[in-house]
Each structure stands twice: as structure tokens, then as C-alpha cells.
Amino acid sequence: MRRRQFLSGLAAAAAASPVFGLFGRAVGAPLAGNARNVIIFYYPDGIPGKSQDGEGSLWTPSAPGGSVVLSPVLEGLGDDKKDCVFLNGLTMGPTDSGSHPGGAKKLLTGVDGGNGISLDRYLAGTLGAGTPHPMLYLGVQANVNNASGDKHISYVSPGVTVTPEDSPLAAYASLFGGAAPVAGTPVGPDATDVSVIDGVLDDMNALRSQLGDVEKSRLDLHLEALWEVEQRIKAPQAPVSASCDDPTVAMPFGASELYLPERFPDLLRAQIDLAVEAVACGLTRVVTIQASHHTSELIMSRFPGTPLFEPTFDMRSHQASHYGNKHDWNKKEFSSYVKQRQWW
């Protein structure tokens, strides 16, 4: 992918979901020869497959007449489905079958029990040989609560994992040297001074005075969420860099916010942008991005500005995954799990 294509793709994807749009190839440009880069993206706690009651998988696409029909979980891929390959019927052996830790151990090793070197480490010595960084292992809250061992998915030798870099600021310094970039300036006059919420605050206060305690609390949470989204929209956005010598990646968070659940989407975006920059600039050819870890306690209902946002309903990723075995749409926990998978 040429630099210009990369930059235009990055700019177009700024307001989209984290991954799609960043890796699109030029229209009509066929894939030829061996792949030159690989990016592995991991998220925790499985998918709603075939239910215990025999209902079909919400993950597996179908192909009636040769035309791919996306499943409910994958429908966000849209037209990008033509560039995707979907694998079904895989098994990693009976050891720890069905467990979160067992799946994470075998995910990249392909060895029953997980006792092997992982695919990314193998590729680091082949595909990544000769690059400044044979491979890049980035995390997003993957080390929360001092997680280690089988919480991580990259194995340097049988049974031995390494720790991903959870800080985009540290990853930037390692890749490009120096401190993390400073965000650019707002676009347009008074971009940071005008508040839509302030304009209706009198009406909101009048409404609040007529509500009971529970309704007041809900309204306050709603206004707080709107205010936070507004601040993010108005925050100075880092310009897309035209030079690998001076790249710029938006990082609207501080070092003390690396493990706040509400900061997760921003952290994920920054790590993905760093990965794409590093590949585009020839610093690496092999990247693994580990978002959280198995049996994740990530509270995804605290992601502002997403369909998941519901601060009064703390549904953790691991907790939600245990409602995926039965497709009971009457249970809020199950619909929350499906929404989480769609967001990923």
C-alpha cells in the first residue's frame, strides 16, 4: 500500500470503528505473491456460536449460491466481506476444551495444551527478520491487575509468554524515539468554547426539578455522558503526519488513564494507529495487538459514544460471555454480549 493510500485511509477511518478502513487496498489492486505483513488482532471471551439449544451460530457466515451472507456478529464488515477469508470447523484439541485460558494458550501456538512457540514469534524470525522491530506486541489493558502468564497470547517458547506494551506513549517512544506527539490545534473559530449542552442547560434544570431521585440520577448520568462525548469531539485532534521521521498519533489520554475502562476505545485506537504507522514506515512486518485478556473484567458498558454505553448496567466481558451458550434474546445479558462482539 503506497504512503498516500495509507494516509487517506487513516484520515477516512478517524471517525469509524477501530479497524475497518485502515487496511483497504486500492480499488482494482489484486493481491499478488506472498503477504508482506501480518497483524494479529485478539479480543477476549469468545463469540456466540451454535447454542446449546441447537440454534445456529451468530458468528459463522453463510454462502448460499456462492454469495457470502454475513452473520449478525460480522455484519459490520459490510462490503469489506469480499476481502475476507472465514475459517470454520477448526479444533485445537481436547485439552482445556471450551475454557477461556485453554483457548488463549492454543490460539497462536496451535498446540494442544499450548506448549509451543506462537505464530507471531515464528514469523518474527522469518517475515520480520532484518526489520528494526522483528515484531511488535501491543496491549490494551492486557496487563491490568498485574496480569501475566497464560493471560498473554504470545509464546517465545513452550509455556513461556512475554508481556505486551500497554502504553501507546511508551510504544511510540520505542518506535519513533522521543516523547509522544502533542495534539494539534482545533479547527474553526471558538471550537472549544461553544457547548451544545450549555445551550439547553436551563431546560434540563427545569426538567430535573420535576423528577424523582431515580430519574434525576439517570438524567445526570446521561448529561455527563453527553458532556464527555462533546469534549472528545471538540478536543484537539492530531494531524495525520506526512513523514515517518515525525509521525503523529492522536493520544487524548494521560499516562495515569491507561486502565480506566472508559478510556479503552481511545487506547485501542492509538495502538491500532501506531501499528499501522509502524508497518507503513517499514519498522516492522509482524504485529500482535492484544485487547484485554481472557476472562476479562473489562466493563464495556462504560465506553462513551458507543452503542454499548449504559453506565447503570455494568456488564463485564467475561460475565457476558457466559450468556452466549443460549440465544435468549429476552435476557439483557445476552443482547449485551452480542453487542460487545459486534463492537469488536
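Up top is the structure.
Anyway, here's the lowdown on the structure attached to this text. Keep in mind that this is a model prediction, so the values were computed, not measured.

So, about the environment of Ala291. With respect to the secondary-structure elements, Ala291 resides in strand 5 (residues 286–291). Considering only alpha carbons, one finds Ala291 and Leu138, 153 residues apart in sequence, at a separation of 8.5 Å.

With respect to the element layout, His294 can be found in the loop between strand 5 and helix 9 (317–321). Note on His294: relative accessible area 4%, which makes it buried. A polar contact is formed between the side chain of His294 and the backbone oxygen of Asp150, at a distance of 3.2 Å. Setting aside residues up to four positions removed in sequence, His294 forms contacts with Tyr42, Pro44, Asp45, His100, Pro101, Ala104, Asp150 and Lys151.

As a further point, take the nonpolar core. If you look at the biggest cluster of nonpolar residues, it comprises 33 residues, and the most contacted ones within it are Phe264, Leu268, Leu274, Trp343 and Trp344. Every element with two or more residues in this core is listed here: strand 2 (136–140), helix 4 (168–176), helix 8 (264–280) and strand 5. When residues in this core are grouped by element, the largest group, 10 residues, is from helix 8. Ignoring any residue separated from it by four or fewer positions in sequence, one finds Trp344 in contact with Phe41, Tyr43, Pro44, Phe264, Leu268, Ala291, Leu298 and Met300.

Below, the discussion takes up the sheet that holds strand 5. Read across the sheet, three strands follow the order 1-5-2 without closing on themselves; strand pairing throughout is parallel. This sheet does not close on itself; its edge strands, each paired only once, are strand 1 (38–42) and strand 2. Each neighbouring strand pair of the sheet contributes to a mean axis angle of 10°, computed without reference to strand direction. As judged from the five bridges shared by strand 1 and strand 5, these two strands associate in the parallel manner. Pairing of Phe41 across the sheet is with Ile289, part of strand 5. On the sheet, helix 8 packs against strand 1, strand 2 and strand 5 and is oriented at approximately 170° with respect to strand 2.

Along an α-helix, residues three or four apart share an orientation, since each turn contains 3.6 residues. By the burial criterion, the buried members of helix 2 (residues 100–107) are Gly102, Ala104 and Lys106. Among the structural elements, strand 1 are those in contact with the buried residues of helix 2. Between the side-chain oxygen of the N-cap and the backbone nitrogen of Gly102 there are 2.9 Å, and the N-cap of helix 2 in question is Ser99.

Reading the values: rules and limits
- Every residue gets a number counted from 1 within its own chain, in the order that chain's sequence is written.
- Only residues with pLDDT of at least 70 are given local features in this predicted model, and only at 80 or more are side-chain atom pairs given and counted; all residues enter the totals for whole chains, interfaces and linings.
- Values reported for side chains reflect all heavy atoms of the structure, with hydrogen atoms and water molecules removed beforehand.
- Secondary structure elements follow DSSP: runs of H or I of four or more residues count as helices, runs of E of two or more count as strands, with numbering from the N terminus.
- Each residue is placed in one exposure class: buried if its accessible area under a 1.4 Å probe, protein chains only, is under 20% of its type's maximum, exposed if it is over 50%, and partly exposed if it falls in between.
- Distance and chemistry together define a polar contact, namely a pair of N or O atoms within 3.5 Å, with one atom able to donate a hydrogen and the other to accept it when in protein, and with adjacent residues in sequence counting only for side-chain atoms on both sides.
- The contact criterion used is simple: two residues touch if any of their non-hydrogen atoms lie within 4.5 Å.
- What is meant by a nonpolar core is a set of buried Ala, Val, Leu, Ile, Met, Phe, Trp, Tyr and Cys residues, joined one to another through side-chain atoms within 4.5 Å.
- Two strands qualify as a pair provided that DSSP identifies no fewer than 2 bridges between them.
- Axes, fitted as lines to C-alpha atoms, cover a helix only where it is in contact. Angles between the N-to-C directions of the axes lie from 0 to 180 degrees.

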